[in-house]
Amino acid sequence: MPAESTVVAEGEGRPPGEPAEASRETRAEGAPKRSGWATLRLLVLRLHFYAGLLIAPFLLVAATTGLLYACSYQAEKIVYADELRVPVPPGKGELPLTRQVAAARAAHPEGSISAVRPSPEEGATTRVLLSGVPGVDPDHTLAVFVDPYTAEVRGDLEQYGSTGALPLRTWIDELHRDLHLGETGRLYSELAASWLWVIAGGGLVLWLGRRRSQRKARGTTGRRRTLALHGSVGVWAALGLVFLSATGLTWSAYAGQSVSDLRAAIGQTTPAVSSTVTPGAEPAAGPAGEHSGHGGSGGSGAADGEGAARADVGLDAVLKAARGQGLSNPVEIVPPADASSAYVVRQIQRSWPEKQDSIAVDPANGEVTDVLRFDDYPVLAKLTRWGIDAHSGSLFGLVNQIALVALALCLILLIVWGYRMWWQRGRGSAFGRPMARGAWQNVPAHVLVPLLAAVAVVGYFVPLLGIPLAAFLAVDIALGEIAYRRGRRTYA
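Residues numbered from 1 in each chain as written. Predicted model: local features only at pLDDT ≥ 70, side-chain atom pairs only at ≥ 80, totals over all residues. Heavy atoms only, no water.

Within strand β6 (residues 343–347), four of the five residues are buried, leaving the element largely enclosed by the surrounding structure. By the bridge criterion, four bridges tie strand β5 (residues 331–334) to β6 in an arrangement that is antiparallel. In the sheet register, Glu-332 faces β6, and the bridge partner there is Arg-346. As paired elements, β6 and strand β7 (residues 358–361) share four bridges and run antiparallel to each other. Directly across from Val-345, in β7, lies its bridge partner Ile-359. (Buried < 20%, exposed > 50% of the residue type's maximum accessible area, 1.4 Å probe, protein only. Helix = DSSP H or I, 4+ residues; strand = E, 2+ residues; numbered from the N terminus. Pairing = 2+ DSSP bridges.)

What follows is the structure, encoded as structure tokens:
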């Protein structure tokens, strides 16, 4: 958003009609050099102008699709109400989980069970998640919705991700993430996230450097009013925009890998419960036959290496063991992958307070073999989890989603106002004059050198910031040399 880029056209002391070369922001070669904030401000101004001008289209798409995603949580509840909710029969409790899963498998014998999500609250359906179903995206599962009171199958829908996104939210999520273009499309969202914090931070610095009298929109007209509106809204939204940029980068393709490598290097990766058990453990006492094989109990690896079904305590015993360890709803039960694996039960609540505890349960005897508490996560693992959930709108529920809608609308307005100022900056047939180059030459060396070093380091770890910036500098230097040779080069 070319926000403060137009500061110099009006409201900065240049009378209307005065040539640009005589303005405060554009001086011919050989003019007295500025020092301190004045020279650094010109550098920030030029960066903010061009970054906003060139990156704003990507930000506009990200803001619009992000706004849609923030609204998709509530829309999902309405669109899929028949699958998600059921009437609660008076005086009737929930049926055993194994019976609910059996009903789902009777209706959908295809694929294998990858997880089961018991009804998390009164009136909510149980989800039986099937993988390897023909016609379903390999990265998705087929969610079969079962009435926990009657074992009636209410329907089935494709589901994606740990938040259980159904088709509507999945479609919007993929639109926001990669425009439905796959890995290539992810470059757009990472480019937007890589530059958003630079543009927001630069605009905030420029606004703070303006005189208080020039920040007010009341009583102003034209470009100055647009600038005042842009600056005021930008200041209020700046912190939220920087947050969205930082959290968005944590799971991006390239910068996200840098973040993952850094966390691994300092021992801050997200831990996982151990699901390995010793084959041949004593089975639990009782009629194991009715639970043997995961087809009936919710698992997918029912046979051992010789093909014989092994004893299995069943889903209800596993869920009971999880409750004994304090794992309250909502939870997800993942069946053993093979003869040496345990059931994994994990909490999946992404709203505050987070519920992310997990345990492993030996299918042979129902004993808990490992426990992992969210309280024991490394600090950066917790911050990453909270950041991602807040970015996606699930951490604080409806309040979180309203805040994201407000931020998206603010960003859209900032972009529109920024382009309007670019338009208003022109004179006659001169449309949107660019900022003068050469401001960096007046920045003191003790400021410029550390600044360049910091930019190089950040650009290395955030390549979709560093590569476009290097390309812009190369083009800008080339154009500057051409202008110089033609005798038309001016400096700020």
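Turning our eyes to something else, we now look at the pattern of salt bridges. Oppositely charged side chains may form a pair once their charged atoms are brought near each other. In this structure the tally under the stated criterion is nine salt bridges. A salt bridge links Glu-332 to Arg-346, with the shortest nitrogen-to-oxygen separation between them at 2.9 Å. You can see Glu-332 sitting in strand β5 and its partner Arg-346 sitting in strand β6, a full 14 residues away along the chain. For Arg-346, a relative accessible area of 36% gives the class partly exposed. The partner of Asp-389 in a salt bridge is Arg-385, with the nearest N and O atoms 2.9 Å apart. Here the residue Asp-389 and the residue Arg-385 both occupy positions in helix α10 (residues 379–392), the gap between them amounting to four residues, near one helical turn. Each member of the salt-bridge network shares a partner with another, and the members are Arg-117, Glu-332 and Arg-346. (Salt bridge = Lys/Arg side-chain N within 4 Å of Asp/Glu carboxyl O.)

Let's shift gears to the nonpolar core. Nonpolar side chains in soluble globular proteins tend to be buried together. Residues Ile-55, Leu-59, Trp-195, Leu-196, Ile-199, Leu-241 and Leu-411 are the most contacted members of the largest nonpolar core, which totals 31 residues. Listing elements by their share of this core, those giving two or more residues are α1 (37–79), α5 (186–208), α6 (222–249), α11 (397–425) and α13 (463–485). It is α5 that provides the largest number of residues to this core, a total of nine residues. Once you skip the residues sitting within four places of it in the chain, Trp-195 turns out to touch Leu-47, Ala-51, Ile-55, Leu-464, Leu-465, Pro-468 and Leu-469. Val-116, Leu-142, Ile-333 and Ile-359 belong to the second largest nonpolar core, which has 25 residues in total. (Core = buried A, V, L, I, M, F, W, Y, C linked by side-chain atoms within 4.5 Å. Contact = heavy atoms within 4.5 Å.)

The next point concerns the confidence of the model for the chain. Per-residue confidence for the chain averages 85 on the pLDDT scale, and 81% of its residues sit at or above 70. Contacts of residues 2–32 to residues separated by more than four positions or lying in other chains number 85 contacts, the stretch itself having pLDDT below 50. (pLDDT = per-residue confidence, 0-100.)

Here the focus is α5. Between its terminal C-alpha atoms α5 stretches 34 Å, which fits the 33 Å expected from 23 residues at 1.5 Å a residue. Along α5, the sharpest kink reaches roughly 30 degrees, centred on Trp-195. (Expected span 1.5 Å × (residues − 1). Bend = angle between axes of the 7 residues up to and from the residue.)

Once that is clear, we can look at the packing of α6 against α11. Relative to each other, α6 and α11 sit at 145 degrees, their axes nearing to 8 Å. Note that α6 runs across α11; the crossing there is left-handed. The segment α6 lies against α11, with Gly-222, Arg-223, Thr-226, Leu-227, Leu-229, His-230, Val-233, Gly-234, Ala-237, Gly-240, Leu-241 and Leu-244 engaging Leu-404, Leu-407, Cys-410, Leu-411, Leu-414, Trp-417, Gly-418, Arg-420, Met-421, Gln-424 and Arg-425. Partitioning the contact of α6 with α11 into residue classes produces 13 nonpolar, seven polar and three charged. (Axes fitted to C-alpha atoms, helices over the stretch in contact; angles between N-to-C directions. Left-handed = near helix turned anticlockwise from the far one by under 90°. Nonpolar A, V, L, I, M, F, W, Y, C, P; charged D, E, K, R; others polar.)

Bringing a nonpolar patch on the surface into the picture now. On the surface, a nonpolar cluster with roughly 360 Å² of combined accessible area is contributed by Trp-352, Phe-396 and Val-399. Position of Val-399 relative to the elements: it lies in helix α11. (Patch = residues over 30% accessible without salt bridge, like charges linked within 9 Å, V, L, I, M, F, W, Y side chains within 5 Å. Areas by Shrake-Rupley, 256 points an atom, 1.4 Å probe, with all protein chains shown as cover.)

Right, let's talk about helix α7 (residues 255–265) for a bit. Buried within α7 we find Ala-255, Gly-256 and Arg-263. The buried residues of α7 occupy one face: seen down the axis, they fall within an arc of 105 degrees. Residues of α7 that are buried in the fold lie against α5, α6, α10, α12 (445–461) and α13. (Arc of directions from axis to C-beta.)

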